Every structure is written in C-alpha cells, then in structure tokens.
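# What the coordinates show
Residue strings, one per chain:
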Amino acid sequence: MKILVATDKPFAGIAIKQIKEVVEKAGHEFALLEKYKTPQELHQAVKDADALIVRSDIVDAAVIAAAPKLKIVVRAGAGYDNIELAPCTDSNIVAMNTPGQNSNAVAELAFGMMLYMARGGFDGKTGSELRGKTLGIHAFGNVGKYVAFIANGLGMEVFAFDPFVDSKIIKQAGVTPVDSVEELYSKCRYVSLHIPANDKTKKSIGANLLSLMPADAVLVNTARKEVINEDELIELMEKRADFTYISDIAPDNAQKFTEKFPGRFFFTPKKMGAQTEEANINSGVAAASQIVDYFATGNETFRVNKKK
Ligand SMILES: NC(=O)c1ccc[n+]([C@@H]2O[C@H](COP(=O)([O-])OP(=O)(O)OC[C@H]3O[C@@H](n4cnc5c(N)ncnc54)[C@H](O)[C@@H]3O)[C@@H](O)[C@H]2O)c1
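Calculation notes
Residues numbered from 1 in each chain as written. Predicted model: local features only at pLDDT ≥ 70, side-chain atom pairs only at ≥ 80, totals over all residues. Heavy atoms only, no water. Buried < 20%, exposed > 50% of the residue type's maximum accessible area, 1.4 Å probe, protein only. Helix = DSSP H or I, 4+ residues; strand = E, 2+ residues; numbered from the N terminus. Pairing = 2+ DSSP bridges. Right-handed = clockwise from strand over helix to strand, strands pointing away. Axes fitted to C-alpha atoms, helices over the stretch in contact; angles between N-to-C directions. Near = heavy atom within 4 Å. Polar contact = N/O pair within 3.5 Å; in protein donor to acceptor, adjacent residues only side chain to side chain. Areas by Shrake-Rupley, 256 points an atom, 1.4 Å probe, with all protein chains shown as cover. Nonpolar A, V, L, I, M, F, W, Y, C, P; charged D, E, K, R; others polar. Contact = heavy atoms within 4.5 Å. Core = buried A, V, L, I, M, F, W, Y, C linked by side-chain atoms within 4.5 Å.

## Points about the pairing of strand E6 (residues 134-138)
- Where burial is concerned, most of E6 is hidden: five out of the five residues are buried.
- Neither face of E6 is left uncovered, since the one carrying Thr134, Gly136 and His138 and the one carrying Leu135 and Ile137 both have all their residues buried.
- In terms of strand pairing, E6 meets strand E7 (residues 157-161) through five bridges, oriented parallel. Residue pairing in the sheet places Thr134 in a bridge with Glu157 of E7.
- Since E6 and E7 lie parallel, the crossover through helix H6 (residues 142-153) that links them has a hand, and here it is right-handed.
- Here E6 pairs with strand E9 (residues 190-193) via four bridges, running parallel. Each bridged residue has a counterpart across the sheet, and for His138 the counterpart in E9 is Leu193.

What follows is the structure, given as structure tokens:
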C-alpha cells in the first residue's frame, strides 16, 4: 500500500524519519509531499495513494474525489475539523485522528503565552504571577488534563467545566468541577479554552460568557479561532481595558486586535500548539501505526467518521 504524508506545514525531520520506518517496516511504500502551494498539487499526489496522513491540511470532497484508491485518512493531531467526514464516509474511507499525542505540547504553549503576557511581554516593567490566580479549564479532554497538571504545579486555583466528563475524573486531577459554563467564566480570571470546533461550539465564546469574567480577565485560546465570536470579543475589549486575549493562531481580525489592544493581545504567527519535535513524533508515528494496524487487522479504534 502507498502511504502518503501530505503536509503544508512539514513535520520535524526526525518525525518523518520515524514515520517512514514504521511504514517501510510493515512492507508499505512511503511517499512525501511537503509545503505544497496549491490544492492541485495535493490532488495530484493523492491520485494513487492508499492512505493519507495530514496535519492541518484541508481534506475536502475535492481531495477525496482525486483519490480513487484512498482507504484511510489520518489527521496527525487531535482536532479533525479540517477533514470533511461525509465525503469520506460516502467513499468508504476511514477517517481517524490521533488523540492525546500532542496534548502536553499544547498545554505548555498555553502557559508559555500566559507567563509572557503576565510579565508584560518581558518589557522590564512589573508584571504579575500565575500562582494563586483562578484558572478555568473549558473542556477537560486530553489537553485540559495537561493544563490542569501544570496549573496545579504553578499553584493556581483550578476549576473545570466539561459536561461529557465525570466530575470524579476532574476531582481526581486536583481540579474543582463546576456545574455550568457560566459559573466557570464568573469564577475565573484566566480561562483556557479546549473545546473542539464543531457546529455546536463555533462562535460560542462571546459576550454572554466573557462579560462574566472578573477583573483583569485573560482568555487563552489554544483550541480554534472559530470557537470565538470575534466581533463580540472586540466590543467587550473596547469596553473593558482590563481584558486580555491570547490566541494560538491569528484571529480573522488580527489586525484590528493588534491596532486596538496593544499589550492586551497576543497571537502566534502560525499555529504553534503542536509544533514540538516530541508532538510531531508522537502524532506522526501514531498516525502511521494506526494505518499499518488498520491494513493488517482492520482496527478502527480511532475512527471519527460514520460507516456507510
Ligand atoms: N493549538 C493546537 O495546535 C492544537 C493542538 C491540539 C488540539 N487543539 C484543539 O484543542 C481541542 C481539544 O483538544 P484535546 O486533545 O483536548 O481534545 P479531546 O477530544 O481530548 O477533548 C475535547 C473535550 O471537549 C469536551 N467538549 C466537547 N464539546 C464541549 C462543549 N460544548 N462544552 C464543554 N466541553 C466540550 C469533550 O467532552 C472532551 O473532553 C481540539 O479539538 C483542537 O481543536 C489545538
């Protein structure tokens, strides 16, 4: 089988080496497309691919249509909102993600950005510490759990809201579960977002929640820009000079945020959450191993799309 790694934003070299080893050890063919400039380049590359590994690359109906031999596509990462699931199902293609493989990297970035902003971007003036501050973890999945672990180490007072996770699991992590999302935002000076982007969550973080946050509020978004109602956030930050927004990836209105809120807004130029060697290796090797295993045994454990 031909297993294609197609990434606009390449994996670290060491991750590619290990992915190739997994693929070839199992007797499959390895192919690589990196830094492609147009969707057509991807369409051309998937023509004879049996399996596809991507990162944030868009896998839409056009990609699926261009790949008549494709049997499985794996998003090396957690969020799979870049893969159109219905066309995969229609073409009998299994779509998977690799949950948990980059979670620590994302959690570390969240704190790196929080510390940077709490110290005024290291501008030499007096900043503030995270110790003793309230932190609300919005969604207690793989990333949320690592965020809790680090926050506890920093001595923060940690709360979490996740309607799909048993409160016992949240308590076992040394975190106080809250009963409603409103309670989370009302209690916490820092809120760290870890909800997936889907039809229910897109634009769901707006004035209704953010206006509840206490003085000197900081919203940290390492989830997806799509979950934010940016117009409402801008309006709120215009009214509240004490509100800071930190985002892993430029918001749609990055220029407006930058001009209007100097010192209260920070974003990474490219999505950086999973950009560590360790996360590249973990998620890339997991993706390759899942494909090899699927071809050998039919294991669909990490399938995210429906069967036809
Ligand atoms: N910045 C990055 O590079 C980067 C890397 C990995 C993940 N992410 C993003 O972070 C998100 C979370 O990653 P993860 O690995 O923790 O995923 P995960 O699937 O392990 O956890 C998601 C959690 O969200 C909860 N959830 C779903 N809908 C919710 C809702 N409406 N309200 C509250 N909780 C809800 C689920 O119960 C689950 O516990 C991903 O979906 C992805 O979009 C970003």
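## Focus: the sheet that holds strand E3 (residues 51-54)
- The strand order E2-E1-E3-E4-E5 describes an open sheet built from five strands, whose pairing is parallel. Where the open sheet ends on each side, the last strands, each with one partner, are strand E2 (29-34) and strand E5 (94-97). Strand-to-strand, the axes of this sheet are offset by a mean angle of 15°, without reference to chain direction.
- Of the pairings in the sheet, the one linking E3 to strand E4 (residues 72-75) comprises four bridges and is parallel in character. Bridging from a neighbouring strand, Ala51 pairs with Ile72 of E4.

## Quick notes on the site of the ligand
- Taken together, 25 residues lie around the ligand, and Asn142, Val143, Asp162, Thr222 and Asp248 are the ones closest in.
- Here Gly141 contributes a backbone N or O atom positioned 3.4 Å from an oxygen atom of the ligand.
- The contact in question runs from an oxygen atom of the ligand to an N or O atom on the side chain of Asp162, over 2.7 Å.
- When the ligand sits alone it has 860 Å² of accessible area, and the protein chains cover 84% of it.
- Here the shell around the ligand is composed, by residue class, of 12 nonpolar, nine polar and four charged.

## Focus: unusual backbone geometry
- Its identity is not glycine, yet Lys35 carries a phi of approximately 50°, on the positive side.
- Topologically, Lys35 is positioned in the loop between E2 and helix H2 (39-45).
- For Lys35, a relative accessible area of 53% translates into the label exposed.
- Although it is not a glycine, Lys203 sits at a positive phi angle of roughly 60°.
- Tracing the backbone through its elements, the reader meets Lys203 in the loop between E9 and helix H9 (207-210).
- Under the relative-accessibility criterion, Lys203 is labelled exposed at 56%.

## Brief notes about the sheet that holds strand E8 (residues 176-177)
- Judged by pairing direction, the sheet is parallel, and its seven strands sit side by side in the order E8-E7-E6-E9-E10-E11-E12 without closing on themselves. At either end of the open sheet lies a strand with only one pairing partner, and these are E8 and strand E12 (265-267).
- Pairing of strand E10 (residues 218-221) with strand E11 (residues 244-247) involves four bridges; the strand directions are parallel. Residue pairing for E11: Val220 is matched across the bridge by Ile246.
- Strands E6, E9, E10, E11 and E12 of the sheet are contacted by helix H5 (residues 103-118), whose axis makes an angle of about 145° with E11.
- Contacts from H6 reach E6, E7 and E9, with the element oriented near 170° to E6.

## Comments concerning the environment of Val218
- As for its position among the elements, Val218 is in strand E10.
- In this structure, the C-alpha to C-alpha distance between Val218 and Ser192, residues 26 residues apart in sequence, is 8.5 Å.
- Sequence-distant contacts of Val218, that is, excluding residues within four places in its chain, are made with Arg189, Tyr190, Val191, Met213, Thr244 and Ile246.

## Section: the nonpolar core
- Within the largest apolar cluster, 30 residues are counted, with the highest numbers of intra-cluster contacts made by Tyr185, Leu193, Ile205, Leu210, Leu219 and Phe243.
- Residue assignment for this core shows that the elements contributing at least two residues are E7, helix H8 (181-187), E9, H9 and helix H10 (230-239).
- Of all the elements, H10 adds the most residues to this core, at four residues.
- If sequence neighbours within four positions are ignored, Ile205 has contacts with His138, Tyr185, Leu193, Ile195, Leu210, Leu219, Val227, Ile228 and Asn229.
- Counting residues in hydrophobic clusters, the runner-up holds 27 residues, among them Leu130, Leu135, Ile137 and Met156.

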